[in-house]
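What follows is each chain in one-letter form.
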Amino acid sequence: MPFKTIIEPFKIKSVEPIHMSTAAQRENYIREAHYNPFLLHSQQVIIDLLTDSGTSAMSSEQWAGILRGDESYAGAQSWERLEAEIKDLTGYPHILPTHQGRAAERILYGYLGGKGKVFISNTHFDTTRANIEFSGAEAYDIPCIEASDHESEFPFKGNMDIVKLEELIKKYSAANIGAVILTVTNNTGGGQPVSMANAKGVAEVCKKYGVLYIIDCCRIAENAYFIRHHEQGFEQTGYRTIAQQMFSLADGCVMSAKKDALVNIGGFLALRNEELSTACTNLLIITEGFTTYGGLAGRDMEAIAIGLREVFEDDYLNYRIRSTAYLGEHIRAKGIPVLYPIGGHAVYVDAGLLYPHIPAHEYPGQALVCELYKIGGIRAVEIGSVMFGKYDDNGKLIPAPMELVRLAIPRRVYTQSHIDYVIEVFDDIYTNRKTTRGLRIVKEPKFLRHFTAHFEEL
Ligand code: F0G
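All values reported here derive from a predicted model rather than from experimental measurement. (Residues numbered from 1 in each chain as written. Predicted model: local features only at pLDDT ≥ 70, side-chain atom pairs only at ≥ 80, totals over all residues. Heavy atoms only, no water.)

## Some words on the environment of Leu317
Okay, so step 1: Following the sequence through the fold, Leu317 ends up in helix H12 (residues 314–333).
Okay, so step 2: Leu317 sits 78 residues away from Tyr239 along the chain, and the two C-alpha atoms are 8.7 Å apart.
Okay, so step 3: Residue contacts for Leu317: discarding those within four places in its chain leaves Ala221, Glu222, Tyr225, Tyr239, Val311 and Phe312. (Helix = DSSP H or I, 4+ residues; strand = E, 2+ residues; numbered from the N terminus. Contact = heavy atoms within 4.5 Å.)

Below, the structure written as structure tokens:
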């Protein structure tokens, strides 16, 4: 590559204004939002890195597809296009459309779950875990050992611990395992990729014990990039072919199309087994919609079918992964502690290390999230003791294992100058680090408190 500047491999055809604000205005906005960025109005945000989910910019081809959308209740052409595309990509014969990822999770894991059942994953995403636990089943996370060493350069920290997988299956007995779920990339585990060798290892264990193997594939194109560039033997393999090889190892997949299908809404479930698919189809019709649209409009299905092709293009994936790394590497060089190597869709900052003087019960991650907003109008999400903290019987906080802040990058939305701006804001974050103070929670709901809790500055 002769030049080091990564140019966005697209031109901009339609623009959406960003509302600029002053630091003084933002002090007011965040106070009115009770120091919880989930309660800010989007117009008060300059750069929104809250999530990469449903925030992608669609291509002109996708917008053209939106107009072509066939809105027939049954047998719509848009469904036929989408079904053919997913069959070709995954190799699975039974495709069930849903309105987003968690709807597919509810159908599949609700059916497979129930009291006494056990699910095993490299790391369950929160909605995955919630759907499993809601059914009465239990969910175990078994990330690989390398995942806990933040400085190690091991390229596949999203891997599952295969030794532990076999131990757990033996311990609970194969008949009680609802499914083994491989999340690629591992979102809750820092957006880290999973190697093909690991996906194969998981397949061998699942086959040996006759256990169902499901891939949570919402970021499988991003995962394919890491395999091609970091795993021996894949240097010449196309990204889509790599994804197809990974699908071929498993029995089915669950997808939130809001990520790597480059759309704003949608999802699906794809399965090899006919009996399982018939059972899930019954639930689909009761709760989502008829088999040829799930919870989706014809135009949504058209856009997903096109997005699933575009996401595997070489220029797109090269830009996508390198631009996430660009942000991560630059702030790391300034002394900001980040999970390393940088993952696919987000940069994870370790706020516990950045603010060692702020104890867990004063929420260092929330302090960083508020600083990012006040200094630069940047919205990020705390993934630490606000999100995962629990209380013991005496009301004392049991902190999360890590105090992280996720900077998730929406796909095809921000240019390099937006990201350079974010990098610059981190200069002030670093300069102010020793005087930054924590927060206290003054109001919180019983479940999923991070969405609506109110805070006060200490
Ligand atoms: N699985 C993974 C790995 C996810 O990251 C998500 C969503 C889901 C399933 C659920 O999909 O939102 O379409 O229902 N992740 C979003 C995020 C919300 O911000 O990481 P959904």
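## Digging into the site of the ligand
Okay, so step 1: Residues in contact with the ligand amount to 17 residues; listed here are only the nearest, Thr51, Arg102, Asp216, Ser256 and Lys259.
Okay, so step 2: Asp216 is positioned with one of its side-chain polar atoms (N or O) 2.7 Å from a nitrogen atom of the ligand.
Okay, so step 3: Between the ligand and Ser256, the relevant distance is 2.7 Å, taken from an oxygen atom to a side-chain nitrogen or oxygen of the residue.
Okay, so step 4: Surface burial for the ligand is 93%, taken as the share of its 480 Å² of free accessible area covered by protein chains.
Okay, so step 5: Counting residues per element, the shell around the ligand draws most heavily on helix H4 (residues 101–112), at 3 residues.
Okay, so step 6: Here the shell around the ligand is composed, by residue class, of 2 nonpolar, 8 polar and 7 charged. (Near = heavy atom within 4 Å. Polar contact = N/O pair within 3.5 Å; in protein donor to acceptor, adjacent residues only side chain to side chain. Areas by Shrake-Rupley, 256 points an atom, 1.4 Å probe, with all protein chains shown as cover. Nonpolar A, V, L, I, M, F, W, Y, C, P; charged D, E, K, R; others polar.)

## Structural notes on the side chain of Thr436
Okay, so step 1: Relative to the helices and strands, Thr436 resides in the loop between helix H16 (416–431) and strand E15 (439–443).
Okay, so step 2: Engagement of the side chain of Thr436 in a polar contact is seen with the backbone oxygen of Asn432, the distance being 2.8 Å.
Okay, so step 3: Here Thr436 is in contact with Tyr355, His357, Ile358, Ala367 and Glu371, once residues within four sequence places are set aside.

## Focus: the domain arrangement of the chain
Okay, so step 1: Parsing the chain into structural domains produces domain 1 (23–52 + 313–457) and domain 2 (60–310).
Okay, so step 2: The straight-line distance from the C-alpha centre of domain 1 to that of domain 2 is 27 Å.
Okay, so step 3: Here domain 1 and domain 2 share an interface that buries about 2,200 Å² over both sides, 52% of which is from carbon and sulfur atoms.
Okay, so step 4: If you sort the residues of domain 1 by the area they bury against domain 2, Leu317, Tyr340 and Arg411 come out on top, with a joint share of 23%.
Okay, so step 5: A salt bridge links Arg219 to Asp52; the nearest nitrogen and oxygen atoms lie 2.9 Å apart. (Domains from an automatic or database assignment. Buried area = accessible area lost by both parts, 1.4 Å probe. Salt bridge = Lys/Arg side-chain N within 4 Å of Asp/Glu carboxyl O.)

## Here we look at the pattern of salt bridges
Okay, so step 1: Considering all chains together, one arrives at 25 salt bridges under this definition.
Okay, so step 2: One salt-bridge network, in which partners are shared between bridges, spans Asp52, Arg219, Glu222, Asp260, Arg320 and Arg411.

## Overview of the pairing of strand E14 (residues 404–408)
Each regular strand shows side chains that alternate between the opposite faces of the sheet.
Okay, so step 1: Most of E14 sits out of view: 5 of its 5 residues are buried.
Okay, so step 2: Side chains Leu404, Arg406 and Ala408 project from E14 onto one buried face, and the interleaved Val405 and Leu407 project onto a second face that is buried too.
Okay, so step 3: Where strand E9 (residues 346–350) and E14 come together, 5 bridges link them in antiparallel fashion. Paired with Val349 across the two strands is Val405, which belongs to E14.
Okay, so step 4: Sheet topology places strand E11 (residues 381–383) next to E14; 3 bridges connect them, and they run antiparallel. Paired with Ile383 across the strands is Leu404, a residue of E14. (Buried < 20%, exposed > 50% of the residue type's maximum accessible area, 1.4 Å probe, protein only. Pairing = 2+ DSSP bridges.)

## Observations concerning the packing of aromatic side chains
Okay, so step 1: This structure, assessed with the given rule, holds 11 aromatic pairs.
Okay, so step 2: When the centroid spacing of 5.0 Å and the interplanar angle of 70 degrees are considered together, the rings of Tyr73 and Tyr293 count as edge-to-face. Of this pair, Tyr73 sits in the loop between helix H2 (60–68) and helix H3 (77–90) while Tyr293 is found in the loop between helix H10 (274–287) and helix H11 (298–310), placing the two residues 220 residues apart along the sequence.
Okay, so step 3: With 5.9 Å between their ring centres and 85 degrees between their planes, Tyr92 and Phe247 make a pair best called edge-to-face. One end of the pair, Tyr92, is in the loop between H3 and strand E2 (94–98); the other, Phe247, is in helix H9 (residues 239–249), and 155 residues separate them in sequence.
Okay, so step 4: Under the relative-accessibility criterion, Phe247 is labelled buried at 1%.
Okay, so step 5: Site record: aromatic cluster; members linked through ring pairs are Phe10, Tyr316 and Tyr319.
Okay, so step 6: Here the guanidinium or amino end of Arg332 rests over the ring plane of Tyr340, the centre of that ring lying 3.5 Å away. (Phe/Tyr/Trp six-rings, centres within 6.5 Å; stacked < 30°, edge-to-face > 60°. Lys NZ or Arg CZ within 6 Å of the ring centre and 35° of its normal.)

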